[in-house]
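The residues making up each chain are set out below.
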Amino acid sequence: GKCYFTWDKHAFPDPIAMQESLSKHGRRMVTIVDPHLKRDNNYYIHKEATEKGLYVKDKSGADFDGFCWPGQSSYLDFTAPHVRQWWAEQFGLD
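Procedures and definitions
All chains use their own residue numbering, which begins from 1 and follows the written sequence. Only residues with pLDDT of at least 70 get local features here, since the model is predicted, and only at 80 or more are side-chain atom pairs given and counted; chain-wide, interface and lining totals rely on the full set of residues. For the side-chain quantities, the full set of heavy atoms in the structure was used; hydrogens and water were omitted. What is meant by a nonpolar core is a set of buried Ala, Val, Leu, Ile, Met, Phe, Trp, Tyr and Cys residues, joined one to another through side-chain atoms within 4.5 Å. Remark: exposure states derive from per-residue accessible area (1.4 Å probe, protein chains only) relative to the maximum for the residue type, with buried under 20%, exposed over 50%, and partly exposed in between. Comment: elements are numbered from the N terminus, with helices defined as DSSP H or I runs of at least four residues and strands as E runs of at least two. Any two residues whose heavy atoms approach within 4.5 Å at even a single point are treated as in contact. DSSP-based pairing: two strands are paired if at least 2 bridges between them are found. Salt bridges are counted wherever a side-chain nitrogen of Lys or Arg sits within 4 Å of a carboxyl oxygen of Asp or Glu. We call two N or O atoms a polar contact when they sit within 3.5 Å, provided that within protein one can donate a hydrogen and the other can accept it, with sequence-adjacent residues counted only if both atoms are side-chain atoms. Of all possible arcs, the one meant is that of the directions from the helix axis to the C-beta atoms.

**Student:** Would you mind going over the nonpolar core with me for this structure?
**Tutor:** The nonpolar side chains of a soluble globular protein tend to be buried, and buried together. Within the largest apolar cluster, 13 residues are counted, with the highest numbers of intra-cluster contacts made by Leu-37, Ala-49, Leu-76 and Trp-86. Secondary-structure elements contributing two or more residues to this core are α2 (44-51) and α3 (81-89). When residues in this core are grouped by element, the largest group, three residues, is from α3. If we ignore the near neighbours within four places in the chain, the residues touching Leu-37 are Tyr-4, Tyr-43, Ile-45, Ala-49, Tyr-55, Gln-72, Ser-73, Ser-74, Leu-76 and Trp-87.

**Student:** Please clarify how the pairing of strand β3 (residues 71-75) should be interpreted in this entry.
**Tutor:** Along any regular strand, the residues point their side chains to alternate faces of the sheet. Note that strand β1 (residues 36-38) and β3 share three bridges and pair antiparallel. Bridge pairing in β3 links Lys-38 to Ser-73. Hairpin geometry of strand β2 (residues 66-68) and β3 is characterised by an intervening segment of two residues between the two adjacent antiparallel strands.

**Student:** I keep staring at the pattern of salt bridges and nothing clicks. Help me out?
**Tutor:** Should their charged atoms come close, side chains of opposite charge can pair. Counted according to the given criterion, the structure contains three salt bridges. Two residues, Arg-39 and Asp-65, come together in a salt bridge whose shortest N-O distance is 3.6 Å. Of the two residues, Arg-39 sits in the loop between β1 and α2 while Asp-65 sits in the loop between α2 and β2, which places them 26 residues apart along the sequence. The residue Lys-52 makes a salt bridge to Glu-48 at a minimum N-O spacing of 3.3 Å. Among the residues examined, Lys-52 registers a relative accessible area of 48% and is labelled partly exposed.

**Student:** Please clarify how the environment of Gln-90 should be interpreted in this entry.
**Tutor:** With respect to the helices, strands and loops of the structure, Gln-90 is situated in the segment after α3. Taking the relative accessible area as the measure of exposure, Gln-90 reaches 18% and is therefore buried. Residues Gln-90 and Ile-45, spaced 45 residues apart in sequence, show a C-alpha to C-alpha distance of 8.6 Å. Not counting the four nearest positions on each side in its chain, Gln-90 is found in contact with Phe-5 and Ile-45. Within the local environment of Gln-90, its side chain forms a polar contact with the backbone oxygen of Trp-86, the two atoms lying 2.9 Å apart.

**Student:** Help me understand α2 in this model?
**Tutor:** Residues separated by three or four positions in an α-helix point in the same direction, a consequence of the helix having 3.6 residues per turn. Taken residue by residue, α2 has Ile-45, His-46 and Ala-49 as its buried positions. Viewed along the axis of α2, the buried residues span an arc of 95°, placing them on a single side of the element. For α2, the elements touching its buried residues are β1 and α3. The positive-phi residue at the C-terminal boundary of α2 is Gly-53, with phi of around 65°.

Remember, this is a structural readout, not a statement about activity or role.
Here it is in structure tokens:
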């Protein structure tokens, strides 16, 4: 759980109905994306970012291992244009 580009179908089986229900009460769902990714080798985004070397490195040259709300996390190196391009491509609707 707690990974970007994923949806908990058990907890939220009908996202359209959920959105409509929120809207009827004057509320809106806001999706946030923080600059970190959960370090989980079963999470396809993390696995690809690791394989492509897209994370910020620590002083030894290894991927920085930090902590945020999903637990162990790494941060994409947004100072590199190819990392920004790769990240933007993840938001496609196809």
